[in-house]
Amino acid sequence: MSNIKKLCGFCINEWHLTTMVLPYISKEINNNYKIITILEKGIEENIKLLIKKLNLKNEEKILGIDWKQSMARKYTSISNKLNIIAKTKENYIILVNGKKNYVDMVNKYIEKWLQKNRIQNEIKIINCYEITEFNYNITAILDSHDKMINTSGEKEIQEVFEDYGKNKSEESIV
């Protein structure tokens, strides 16, 4: 679906996630995006502390986002969060954070929900993988995303991982 973009990011803990996403989320709120979070571990206290130190014009909107832990073990709990998208014409960011198994499970639910509901809204799904136990296949993660997010914002994957994609083009030549 051309109206859905998938971004990925990598963080080492909740503070790293907070410092990475807060400026980006603030900017995207100014671009009229609404935010839905599905988080394995809540970051509400981190958001409150960091927002006091930053001079953000949309502080109230940021604090109005649900930064608490999400119980995403059932499709219905995620579906309930996503149902608001189907009722509006607004653009949304769905921020998903956790270990790889959690992010993968949530994405399966999101994909199932998207197939069930024909959404015309522009949606960015941002998958922030917690990398405390690093046995992920980074290439496979990058392959399933359109762009990346890091502390400096939204980036092309090749901007962050310069060698990404080079072997693929060489393989296709051979």
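Further up the page is the structure itself.
Residues numbered from 1 in each chain as written. Predicted model: local features only at pLDDT ≥ 70, side-chain atom pairs only at ≥ 80, totals over all residues. Heavy atoms only, no water.

1. A word on the overall build of the protein chain
So, step 1. Within the protein chain, the secondary structure is distributed over 8 helices and 6 strands.
So, step 2. Each helix (α) and strand (β) of the protein chain, taken in turn from the N terminus, gives the series β-α-β-α-α-α-β-α-β-α-β-β-α-α.
So, step 3. Rg of the C-alpha trace for the protein chain: 16 Å, near the compact-globule value of 16 Å for 174 residues, within the 12% margin.
So, step 4. Viewed in the frame of its principal axes, the protein chain has a C-alpha envelope of about 55 × 40 × 30 Å.
So, step 5. Counting all 174 residues of the protein chain, 45% fall into the buried class.
So, step 6. The contacts of the protein chain with a sequence gap of at least 6 include a subset with a gap of at least 24, amounting to 78%.
So, step 7. Accessible area for the protein chain stands at about 9900 Å²; split by element, carbon and sulfur atoms hold 48% of it.
So, step 8. The distance from the centre of the 27 positive side-chain charges to the centre of the 23 negative ones in the protein chain is 7 Å. (Helix = DSSP H or I, 4+ residues; strand = E, 2+ residues; numbered from the N terminus. Rg over C-alpha atoms; globule rule 2.2 N^0.38 Å. Buried < 20%, exposed > 50% of the residue type's maximum accessible area, 1.4 Å probe, protein only. Contact = heavy atoms within 4.5 Å. Areas by Shrake-Rupley, 256 points an atom, 1.4 Å probe, with all protein chains shown as cover. Lys, Arg positive; Asp, Glu negative; His and termini not counted. Charge placed at Lys NZ, Arg CZ, Asp CG, Glu CD.)

2. Observations concerning the environment of isoleucine 38
So, step 1. On the secondary structure map, isoleucine 38 appears in strand S2 (residues 33-39).
So, step 2. The spacing of isoleucine 38 and serine 70 is 32 residues in sequence and 5.3 Å in space, taken between C-alpha atoms.

3. A few points about helix H5 (residues 100-116)
So, step 1. Between its first and last C-alpha, H5 extends 24 Å over 17 residues, near the 24 Å set by a 1.5 Å rise per residue.
So, step 2. Every buried residue of H5 is listed here: Tyr102, Val103, Met105, Val106, Asn107, Tyr109, Ile110, Trp113 and Leu114. (Expected span 1.5 Å × (residues − 1).)

4. Let's talk about the nonpolar core
So, step 1. Residues Ile85, Ile94 and Ile110 are the most contacted members of the largest nonpolar core, which totals 30 residues.
So, step 2. Breaking this core down by element, the ones donating at least two residues are strand S1 (4-11), S2, helix H4 (75-86), strand S3 (91-98), H5, strand S4 (123-130) and helix H6 (138-143).
So, step 3. Of the residues forming this core, the biggest block, 8 residues, is contributed by H5.
So, step 4. In this structure, isoleucine 85 is in contact with Ile36, Tyr92, Ile94, Trp113, Ile119, Asn121 and Ile123, ignoring residues within four places of it in sequence.
So, step 5. Ranked by size, the runner-up nonpolar core spans 25 residues in total, among them Leu7, Cys11, Ile43 and Trp67. (Core = buried A, V, L, I, M, F, W, Y, C linked by side-chain atoms within 4.5 Å.)

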